[in-house]
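What follows is each chain in one-letter form.
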Amino acid sequence: MADLPFQDRTDFEHADRGFIAKLTPGVVRTSDGEVVWDNDAYDFLAGDCPQTAHPSLWRQAQLCARQGLYEVTDGVYQVRGLDLSNMTLVEGDTGVIVIDPLVSAECAAAALRLYRDHRGDRPVTGVVYTHSHVDHFGGVRGVTDGNVPILAPAHFMEHAVAENVYAGNAMNRRALYMYGQRLPRSPEGQLGCGLGMGTSQGTVSLIPPTVDITRTGQEETVDGVRVVFQLTPGTEAPAEMNFLFPDRRALCLAENATHNLHNVLTLRGAVVRDARVWARYLTEAVELFADRADVAFASHHWPTWGRDDIVTFLSQQRDLYAYLHDQTLRLLNQGLTGAEIAEVMQVPPALEQVWHTHGYYGSVSHNVKAIYQRYLGWFDGNPAHLWEHPPIEQARRYVESFGGTSAVVGLADRYIEEGDLRFAATLLNHVVYADENDASARRLLARVYTRLGQGAENATWRNFYLTGAGELKNGPSPGSTSTTTPDMLSALSSEQIFDSLAIRVNGPHAWNERFAIDWHLTDLDERHRTTMSNGALVHQKSPTGNGADLTLRLTRQRLLALLAGDGDGPGHGLDHDGIDHDGDLTVLRRLTSVLEEPKPDFAIVTP
Ligand SMILES: [Zn+2]
């Protein structure tokens, strides 16, 4: 750490370059006055790094907390620091094109107002979504009500909702940890998430794209502005793209190259990404665009100016992902497991000396394990790990074998004294899992997590540890805001709706059920069949033949009400609604009676 290049202030110069004005105060509210974003809460970052933070993360947080409207190049502006992501504005012949309208409509509207205050009341004449993550489209209704071209990479809609549908509840719960949503903003608490300061808590919206970008080299003109695209599917998101504004000599890198090591597998949980493909697309971006760009900007962090610096930046980012990928594969072929590779993997010193390769959001440790997981999965091949007891059973046996609770706590104390907080956490976690009411073990574990968090360079690790410490003291935090807004629900495909229904079936409760329901979605004129057998609710589109016990004719909206539960538990939405039907209506009740709601505040640091 001592040899990190703190004297290199280039990032601060770049983060401030082109500054025009701040939003004052740096707070965004709903029309009811509820705060959805408060960047002023981070004013404490102006101070020197305290003992309670890693100096490298403190520096990154200082950079990310900068807020305001910035000129990137002639006709290209960014609003940064008004949400997790950046909103970029490109001026056209008659108005302005918005790239990535933030997480929520309130923040996007505030960002657009800030821009207009300084650049005139230009109408929004187009929107571009760089990729399918919510911080790049959720605020769209804050900048337009549609009726303008909206450009997005192929398969955008599918992926914009897909990642959140099936495992959404668990991801939301874990995202609360990852972003430190309930932590105080303070030198002891949340310092952002490395990629930005956090996610706003306003209204999430989604307007479907009108123009699909389906191939690299595709060229479009929006409001007189030429754009040349490079598709990069399977990188940071399943649907993503880079693009060049050739007449502005400005390159948008979406989220494929930002000022940190990104996530091959985000800690909130997701399908693992492909570091190999990621590196290849960065090579292609250099080939396609480097000679035609004077500035490269992304949807997080600050831009890079000058052809040579752009090439250096992209090449180093590329080398980073390629190195982690290739070396993980080399070592797993030597027989090392994920945890072992994570322990020995070292980023080459030349890359380590560059700030933007540091693991503020992704980390070398968890990315290496993700690459291992992508190729070999959870099992490391050792039969000792094939059939281990689950955490509570294991914890009880560990504590018993080590001579009881106080003996284990005593051992943990010794490891804490020796500075081995990692093993102290393992021991104390066993104690808490063996007896969650052991208050002194909980307090001690909370202290260990706090020290681990405050020592972490990675912001999401810090947030996980500190949130875990908080929940050990106070119990699970209330759930975070849900992304199941009307716009998101209406983006679900019929198949996704029936799949979502199927994953709410409590299998054992349905073991003895046998029935088939035909669903005629009258507004779409679609026919679907769901068949319950052996606890599985199997979906089939356009079924042939008869044989359903019940046929329901309803709109898609009514079907969604069943899924959402109308606020009264699943099924209630349909139970008392006059839905047109043929056949045995009690079958519907048998279905709804085996549906279960996900648990938004399940325990994580306690059993
Ligand atoms: Zn993002």
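To be clear, the structure that these remarks concern was listed above.
Residues numbered from 1 in each chain as written. Predicted model: local features only at pLDDT ≥ 70, side-chain atom pairs only at ≥ 80, totals over all residues. Heavy atoms only, no water.

1. So, the pattern of salt bridges
Rules: A pairing counts as a salt bridge when a side-chain nitrogen of Lys or Arg comes within 4 Å of a carboxyl oxygen of Asp or Glu. Note on conventions: DSSP H or I runs of at least 4 residues are helices, E runs of at least 2 residues are strands, and numbering of each starts at the N terminus. Whether a residue is buried, partly exposed or exposed follows from its accessible area with a 1.4 Å probe, protein chains only, as a fraction of its type maximum: under 20%, in between, or over 50%, in that order.
Under the counting rule described, the total for this entry stands at 24 salt bridges. Between R119 and E91 there is a salt bridge, with its nearest N and O atoms 2.8 Å apart. With R119 in helix α3 (residues 105-119) and E91 in strand β6 (residues 87-91), this pair connects stretches of sequence that are 28 residues apart. Here D319 makes a salt bridge to R318, at a shortest N to O gap of 2.7 Å. Take D319: its relative accessible area is 35%, and that puts it in the partly exposed class. What makes R318 partly exposed here is its relative accessible area of 22%.

2. Section: the environment of L89
Put simply, the rule reads: Whether two residues are in contact is decided by their heavy atoms, any of which lying within 4.5 Å being enough.
Structurally, L89 can be placed in strand β6. Remark: the alpha-carbon pair of L89 and G224, spanning 135 residues in sequence, is separated by 14 Å. Once residues lying within four places of it in the same chain are set aside, the contact partners of L89 are G75, V76, Y77, V79, V96, I97, V98, L112 and Y115.

3. Let's talk about the packing of aromatic side chains
So the rule is basically this: Stacked, edge-to-face and tilted labels apply to pairs of Phe, Tyr and Trp rings (six-membered ring for Trp) whose centres lie within 6.5 Å, assigned for plane angles under 30 degrees, over 60, and everything in between, in that order.
Inspection of the entire model under this criterion finds 17 aromatic pairs. Look at F229 and F243: their rings are 5.4 Å apart centre to centre, the planes differ by 50°, and that puts the pair in the tilted class. Residue F229 is found in strand β12 (residues 225-231), and its partner F243 is found in strand β13 (residues 241-245); the two are separated by 14 residues along the sequence. Under the relative-accessibility criterion, F229 is labelled buried at 1%. Assessed through its relative accessible area of 0%, F243 is described here as buried. Taking the centre distance of 5.7 Å and the plane angle of 85° together, the rings of F243 and F245 count as edge-to-face. Comparing F243 with F245 shows no difference in burial state: the two are buried.

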